[in-house]
Amino acid sequence: IALVNLSPEESRLTFTAFDPLGSLIGGANIENPHTFSLPARHQMPRVEFQLFGEGILEEGKNTGWFHLKSSIQKMLGFFLIFDDKLQVLDGTEVTEQTYKSLIFTAVEEHGITQLNVNNPGTKPTNLTVELVRPDGVNKAAVIKPVAALGAVSESLSVLISASTASPADYFRVSSATTSISAV
């Protein structure tokens, strides 16, 4: 994650990491939540172990999402998800905006199409994941339950058969009961 404090005031930042089931990620050498100050008009680039400690790198501890709370409003940022070889990379801006429906247009023909969606709400929800043709006709759909404060991080070929997807298709993910966010 990279953040910049545009304010003339110091910001108090709190990062809280949740696993896919919505539980706080914890264990040896993990500080969760993690709080620190970002001086006025300064920036901060960090990777997960710099925020939560070396323990977050253990297998099973590094899948999920994190919530960021700031004491001020004038913050900008972005984050990236990447593998250890920097061959797979994706990211987006940091925002508090959530949605009832999301569109994913990047369907890889010869690669990994990964769905990363979180439920920042306090109630569980069901995601409807639909594979849609360019003309708007649904080719396939699946319902995926997500816990309160939980997340889904799965290959779309696991959720919906990869043989049915083409690069011209897109995925629509929606929730009828709570707002969701994604990368």
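Residues numbered from 1 in each chain as written. Predicted model: local features only at pLDDT ≥ 70, side-chain atom pairs only at ≥ 80, totals over all residues. Heavy atoms only, no water.

## A short note on the environment of Thr122
For step 1, the next point in the chain: Mapped onto the fold, Thr122 is located in the loop between strand E9 (114–118) and strand E10 (125–132).
For step 2, the next point in the chain: Its relative accessible area of 70% is what places Thr122 among the exposed residues.
For step 3, the next point in the chain: Taking the C-alpha atoms as reference points, Thr122 and Gly150, 28 residues apart in sequence, are found 9.3 Å from one another. (Helix = DSSP H or I, 4+ residues; strand = E, 2+ residues; numbered from the N terminus. Buried < 20%, exposed > 50% of the residue type's maximum accessible area, 1.4 Å probe, protein only.)

## A few points about the pairing of E10
For step 1, the next point in the chain: With six of eight residues buried, E10 is to be regarded as a mostly interior element.
For step 2, the next point in the chain: Examined bridge by bridge, E10 and strand E11 (residues 138–146) share eight bridges and lie antiparallel to one another. Residue Asn126 lies in a different strand from E11, and its bridge partner there is Pro145.
For step 3, the next point in the chain: Taking the residues between adjacent antiparallel strands as the criterion, E10 and E11 are bridged by five residues, where Gly136 takes a positive phi near 90°. (Pairing = 2+ DSSP bridges.)

## Re the packing of aromatic side chains
For step 1, the next point in the chain: Within the structure shown, the criterion is met by four aromatic pairs.
For step 2, the next point in the chain: On the basis of an interplanar angle of 25° and a centroid distance of 5.2 Å, the ring pair of Phe18 and Trp65 is categorised as stacked. Of the two residues, Phe18 is situated in strand E2 (residues 11–18) and Trp65 in strand E5 (residues 65–70); the sequence distance between them amounts to 47 residues. No difference in accessibility class separates Phe18 from Trp65, as the two residues are buried.
For step 3, the next point in the chain: Cluster of aromatic residues (ring-pair linked, three or more members): Phe15, Phe36, Phe52 and Phe66. (Phe/Tyr/Trp six-rings, centres within 6.5 Å; stacked < 30°, edge-to-face > 60°.)

## Thoughts on the environment of Asn138
For step 1, the next point in the chain: Mapped onto the elements, Asn138 comes out in strand E11.
For step 2, the next point in the chain: In the structure, Asn138 is positioned 33 residues away from Phe171 in sequence and 9.4 Å away in space, judged by C-alpha atoms.
For step 3, the next point in the chain: If we ignore the near neighbours within four places in the chain, the residues touching Asn138 are Glu130, Leu131, Val132 and Arg172.
For step 4, the next point in the chain: In this structure the side chain of Asn138 is engaged in a polar contact, spanning 2.7 Å, whose partner is the side chain of Glu130.
For step 5, the next point in the chain: Here Arg172 takes part through its side chain, which lies 3.3 Å from a polar atom of the side chain of Asn138. (Contact = heavy atoms within 4.5 Å. Polar contact = N/O pair within 3.5 Å; in protein donor to acceptor, adjacent residues only side chain to side chain.)

## Some thoughts on the sheet that holds E11
For step 1, the next point in the chain: One open sheet accounts for four strands, arranged E8-E13-E10-E11; its pairing is antiparallel. Strand pairing shows two members of the sheet lacking a second neighbour, strand E8 (101–104) and E11, which therefore form its edges. For this sheet, the mean angle separating the axes of adjacent strands, direction not counted, is 20°. (Axes fitted to C-alpha atoms, helices over the stretch in contact; angles between N-to-C directions.)

## Looking at the sheet that holds strand E4 (residues 43–45)
For step 1, the next point in the chain: On the basis of which strands lie adjacent, the open sheet formed by four strands has the order E4-E1-E6-E7 and antiparallel pairing. Only two strands of the sheet have a single partner each, and these edge strands are E4 and strand E7 (89–93). For this sheet, the mean angle separating the axes of adjacent strands, direction not counted, is 10°.
For step 2, the next point in the chain: Sheet topology places strand E1 (residues 2–5) next to strand E6 (residues 75–82); four bridges connect them, and they run antiparallel. Considered in E6, the bridge of Leu3 is made with Gly77.

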